[in-house]
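Structure assessment
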Amino acid sequence: MRRLRARQELWLGLLGVLLAFGGCEAVSRAGLVRRSYLPPASEVLARAVELAGDSVFLDGLGVTLRAWALGLGLACAIAVPLGLLLGSVPLVDAAARAIVELLRPLPSVALIPLVSLLLGSGTETEVALITYASVWPILFNTVYGLGETDPLAKDTLRAFGFGRLTVLLRAELPATAPFIAAGIRISAAVALILAVATEILSGFGEGLGIFIAQAGLATDGTRDVLAGVVWAGGLGLVINAVLVWAERRLFPWTPEHRETAARSRDVAPR
């Protein structure tokens, strides 16, 4: 049943993509919208495929992915220990709550002028903004995961004389790991969006966002803009699919994955 549902969702997703593709193609070919505003979807897709052989474009794409990876890695290195600290020590959480609630709503894009003034233009600014935006989902998921740890498991370890660090490593951290992974998956999407957006707003240098920004300034550059957007969306889909697969492999003990495994055994041939 689970496999059938997943297959249905896949086919429905493909149907939605085909309908959107066909709608854009029909609207453009029928002349309802000027091609300079909305090129045919087939031309956009062909241009996106053509960019796969453009070494300059691929170099820029590599710059964006490198900034994305650095920012996301720094966010994990900051948010996970900080989340464990806030979730484990109520006094620290109470002391830091006002600062966290003050900084969290600040939009990262609004900080581009300030960060550019402090760090200059280039990868440093992009990585700093990505890190700032990606910290919050991981941080709050870590704190929430600690709060959902089974109290009986912690009390059992304490009853056997284990200290606070052992309880954290043996009970709380394994229980919190799926929540951390979900936060990383959310932050991965946020980091990619911010990487491209920062490059678009900066308007100079290298990267996928730079390609989109420069194409937007060129005459009849709409096709290249949309082709760049297709690449950005494709990267987001691939990254999300890889992270979902990794979660299922790394955390089979979570209730959702246990249920999936049980159903797979039930329908397996005997």
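Being a predicted model, the structure only gives us computed values, none of them experimental. (Residues numbered from 1 in each chain as written. Predicted model: local features only at pLDDT ≥ 70, side-chain atom pairs only at ≥ 80, totals over all residues. Heavy atoms only, no water.)

1. Regarding the packing of aromatic side chains
In total, this model carries five aromatic pairs according to the counting rule given. Measuring from ring centre to ring centre gives 5.5 Å for Tyr-144 and Phe-179, while their planes differ by 65 degrees; the resulting arrangement is edge-to-face. With a gap of 35 residues between them, Tyr-144 in helix α6 (residues 123–147) and Phe-179 in helix α8 (residues 164–202) connect regions that are remote in the sequence. Classification of Tyr-144 as partly exposed rests on a relative accessible area of 49%. By the ring-pair criterion, three or more aromatic residues cluster together here, those being Phe-57, Phe-211 and Trp-231. (Phe/Tyr/Trp six-rings, centres within 6.5 Å; stacked < 30°, edge-to-face > 60°. Helix = DSSP H or I, 4+ residues; strand = E, 2+ residues; numbered from the N terminus. Buried < 20%, exposed > 50% of the residue type's maximum accessible area, 1.4 Å probe, protein only.)

2. Concerning the environment of Ala-232
Following the sequence through the fold, Ala-232 ends up in helix α10 (residues 222–250). Judged by relative accessible area, Ala-232 falls into the buried class, the value being 19%. Ala-232 sits 187 residues away from Leu-45 along the chain, and the two C-alpha atoms are 13 Å apart. Contact partners of Ala-232, with chain neighbours within four places excluded, come to Leu-192 and Leu-208. (Contact = heavy atoms within 4.5 Å.)

3. Points about the pattern of salt bridges
Throughout the structure, instances matching the rule amount to seven salt bridges. In this structure, the salt-bridge partner of Glu-50 is Arg-47, at a minimum N-O distance of 3.1 Å. Of this pair, Glu-50 and Arg-47 both sit in helix α2 (residues 41–51), three residues apart, roughly one helical turn. Accessibility expressed as a relative area gives 13% for Arg-47, which makes it buried. Here Arg-104 and Glu-101 are joined by a salt bridge, their closest N and O atoms 2.8 Å apart. (Salt bridge = Lys/Arg side-chain N within 4 Å of Asp/Glu carboxyl O.)

4. Some thoughts on the packing of helix α9 (residues 208–217) against α10
Where α9 contacts α10, the two axes come as close as 8 Å, and the packing angle between them is 160 degrees. Accordingly, the angle class assigned to the pair α9 and α10 is roughly antiparallel. Viewed along their axes, α9 and α10 form a crossing whose handedness is left-handed. Here Leu-208, Phe-211, Ile-212, Ala-215 and Gly-216 of α9 come into contact with α10, specifically with Asp-224, Val-225, Gly-228, Val-229, Trp-231, Ala-232 and Leu-235. Grouping the amino acids of the contact of α9 with α10 by side-chain chemistry returns nine nonpolar, two polar and one charged. (Axes fitted to C-alpha atoms, helices over the stretch in contact; angles between N-to-C directions. Parallel < 35°, antiparallel > 145°, perpendicular 65-115°, else oblique. Left-handed = near helix turned anticlockwise from the far one by under 90°. Nonpolar A, V, L, I, M, F, W, Y, C, P; charged D, E, K, R; others polar.)

5. Some remarks on the side chain of Arg-47
A polar atom in the side chain of Arg-47 sits 2.6 Å from the side chain of Asp-224. Apart from residues no more than four positions distant in its own chain, Arg-47 is found in contact with Arg-223, Asp-224 and Ala-227. (Polar contact = N/O pair within 3.5 Å; in protein donor to acceptor, adjacent residues only side chain to side chain.)

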